[in-house]
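Below, each chain spelled out in residue letters.
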Amino acid sequence: MKGIPIRWKLSVCMGLLLSGILYAFGGRVFAADSREAGECSERPLHEIYEEDDRFRLVSQETFAYEKEQPIRPNSLGSQYLWVNQSYEEEEIEKSCHAKFDGQNRLLYALGYTANILGDSSSYCEERIYERDETGHARRYLYFKSNSIPYENGYYIGFRYLFEDSEFQYDEEGRLLRCLTYRRNVGSDPNGYSEELFFDRGYQAEYEDGRLTAELQYYDYWGTNETGSWEYRIYQYDEQGDCVLWVAVTEDEIQLCCLEYQEETGQLEQYTYQVLEDWVLSCEDGSTYELRPQYGKPAVRKAAANGTVERELFYGKGMDLGQQHYQMPEEVEATLEDHYYVVAPGDCLWSIAGRCYGQGGRCDLIWRMNLGVIGLDPDLLMPGTRLYLPEAGNAQDTRVED
């Protein structure tokens, strides 16, 4: 839309992932079954696991680190940090065809090929971010688009919804859940199916502000495969440092214990493969039964009173509250971006002047909404929902050589 003198750089819009090292100082940890629990507070964890034939040492690594704050794990959820990324003012000033909120977070971005101002259609990508601060929710929509020459510039004449991702956070801004639907899964891996199939989901659990467990699930709905998943469990010491994590996948169970040597400023990281059934105890009395063999629950979490709270099975899909698929037209019917609802007294000229700064672009609005307006552009009914395509020209579109 007019009035957005900013530019989106595709290379940085989607690529932010948190990097880091897991490390910790061994403290009070409940990371063993009943026969080990009495030893954990007195001996380094790696010594206990090395003497237990249920574990096989896979690797031992040493890292240098200066500890300045509580150590947190580099979690699976870090891959979703880009949703709330804030951009520097300098980056925003160099941009065009992007819109940001008051916290410098993206609301809309248009990526395009170099011939967007040429004499023929050009490929584009539109990315829309919806943010519900009251409900602690986010939504990301990705469109594949085409631009069409118009006046001395172009407009987005066709866009094809390719992805819909929904994010739910808690009041502290921690990610609780993400559900993603895409068109390149299911019955048409090339991305041209009519439906948006459920693609992947994420769930996280927290206690005292610390991440304690997370589940990442990839679904292959519409195929003969059941999907794949990874479940992680984290434990911390009294200082709030992560000292142990367990990763359960379709292929194996790995345990990693981390010991921070404060006097030397070094982290020792020991990674083991779990070979046999094992029980991981927690401070609140709950337990995780972990089984590497098929035919049994891979993970069974039980409360202190024995109530089973979660079971995960090898070769079985996950219920994260997702739909099997979404219809693109139903998703787009809920969007506000690039849409306008006609009010009493509106005409196409006034709408074009308000949205584009040029009343003469009323013919563009009529052309794009012929199916809902009809042949008479002057017969505009209040309540009609109009699509207002993105439009630009040489002044607000800069393409680097």
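Take the overall build of the protein next. Scanning the protein from N- to C-terminus turns up 8 helices and 21 strands. Taken across its 401 residues, the protein has 50% of its residues classed as buried. A separation of at least 24 residues holds for 55% of the contacts in the protein among residues at least 6 apart in sequence.

Attention now moves to the nonpolar core. Of all hydrophobic cores here, the largest spans 49 residues; its most connected members are W229, Y231, V246, V248 and L290. At 4 residues, the largest contribution of residues to this core is made by strand β11 (residues 242-249). The residues touching Y231, leaving out its near neighbours within four places in the chain, are E205, A213, E214, L215, V246, A247, V248, Y288, V299, R310 and L312. Residues F100, L106, A109 and A247 belong to the second largest nonpolar core, which totals 30 residues.

Turning our eyes to something else, we now look at a negative patch on the surface. Taken together, the side chains of E88, E89, E90 and E93 present a region of like negative charge at the surface. Mapped onto the secondary structure, E88 falls in the loop between β1 (55-64) and α4 (89-93).

Moving on, we get to the packing of aromatic side chains. Tallied over the entire structure, the rule returns 20 aromatic pairs. With a centroid separation of 5.2 Å and 50° between ring planes, the pair formed by Y129 and Y140 is classed as tilted. A residue pair is termed long-range when its members are at least 10 positions apart, and Y129 in strand β4 (residues 122-132) and Y140 in strand β5 (residues 137-150) qualify at 11 residues. For the residue pair Y129 and Y140, the accessibility class agrees, reading buried in each case. Both rings, one in W229 and one in Y314, keep their centres 6.1 Å apart while their planes meet at 25°; by these two values the pair is stacked. One end of the pair, W229, is in strand β10 (residues 228-236); the other, Y314, is in the loop between β17 (308-313) and β18 (325-326), with 85 residues separating them in the sequence. Across this residue pair, the class does not change: W229 and Y314 are buried. The ring of F162 has K144 lying over it, and the distance from NZ or CZ to the ring centre is 4.1 Å. If you follow R174 out to its NZ or CZ, it ends over the ring of Y206, 5.3 Å from the centre.

Under the criterion given, the structure shown has 0 disulfides. Not part of a disulfide, C362 finds its nearest cysteine sulfur in C347, a span of 7.9 Å.

Across all of its chains, the model carries 27 salt bridges by this definition. The closest approach of N and O atoms between R43 and E51, which form a salt bridge, is 2.9 Å. The exposed category is assigned to E51, whose relative accessible area is 60%. Shared partners join several salt bridges into a network, and the residues in it are D277, E289, R291, K296, R300 and E311.

Another point: the confidence of the model for the protein. Averaged over all residues, the pLDDT of the protein equals 84, while 86% of them reach at least 70. For the stretch residues 1-32, pLDDT sits under 50, and the model shows 132 contacts to residues farther than four places along the chain or on other chains.

What follows concerns unusual backbone geometry. Excluding glycine, most residues fall at negative phi; most peptide bonds, likewise, are trans. Positive phi outside glycine occurs at N104, with the angle close to 65°. Position of N104 among the secondary structure elements: in the loop between β2 (98-100) and β3 (106-112). Located in the positive-phi region is E151, a residue other than glycine, with phi close to 50°. With respect to the helices and strands, the residue E151 is situated in the loop between β5 and β6 (153-169). Take E151: its relative accessible area is 51%, and that puts it in the exposed class.

Attention now goes to the side chain of S75. Following the sequence through the fold, S75 ends up in the loop between β1 and α4. Other than its neighbours up to four places away in sequence, S75 contacts L211, E214, R232 and Y234.

Inspection of the sheet shows strand β14 (residues 278-281) paired to strand β15 (residues 287-290) by 4 bridges, in the antiparallel sense. Among the inter-strand pairings, W278 is bridged to a residue of β15, identified as L290. The antiparallel hairpin formed by β15 and strand β16 (residues 297-302) contains 6 residues in its connecting segment, where G295 sits at a positive phi of about 95°.

Thresholds applied
- Residues numbered from 1 in each chain as written.
- Predicted model: local features only at pLDDT ≥ 70, side-chain atom pairs only at ≥ 80, totals over all residues.
- Heavy atoms only, no water.
- Helix = DSSP H or I, 4+ residues; strand = E, 2+ residues; numbered from the N terminus.
- Buried < 20%, exposed > 50% of the residue type's maximum accessible area, 1.4 Å probe, protein only.
- Contact = heavy atoms within 4.5 Å.
- Core = buried A, V, L, I, M, F, W, Y, C linked by side-chain atoms within 4.5 Å.
- Patch = residues over 30% accessible without salt bridge, like charges linked within 9 Å, V, L, I, M, F, W, Y side chains within 5 Å.
- Areas by Shrake-Rupley, 256 points an atom, 1.4 Å probe, with all protein chains shown as cover.
- Salt bridge = Lys/Arg side-chain N within 4 Å of Asp/Glu carboxyl O.
- Lys, Arg positive; Asp, Glu negative; His and termini not counted.
- Charge placed at Lys NZ, Arg CZ, Asp CG, Glu CD.
- Phe/Tyr/Trp six-rings, centres within 6.5 Å; stacked < 30°, edge-to-face > 60°.
- Lys NZ or Arg CZ within 6 Å of the ring centre and 35° of its normal.
- Disulfide = S-S within 2.5 Å.
- pLDDT = per-residue confidence, 0-100.
- Pairing = 2+ DSSP bridges.

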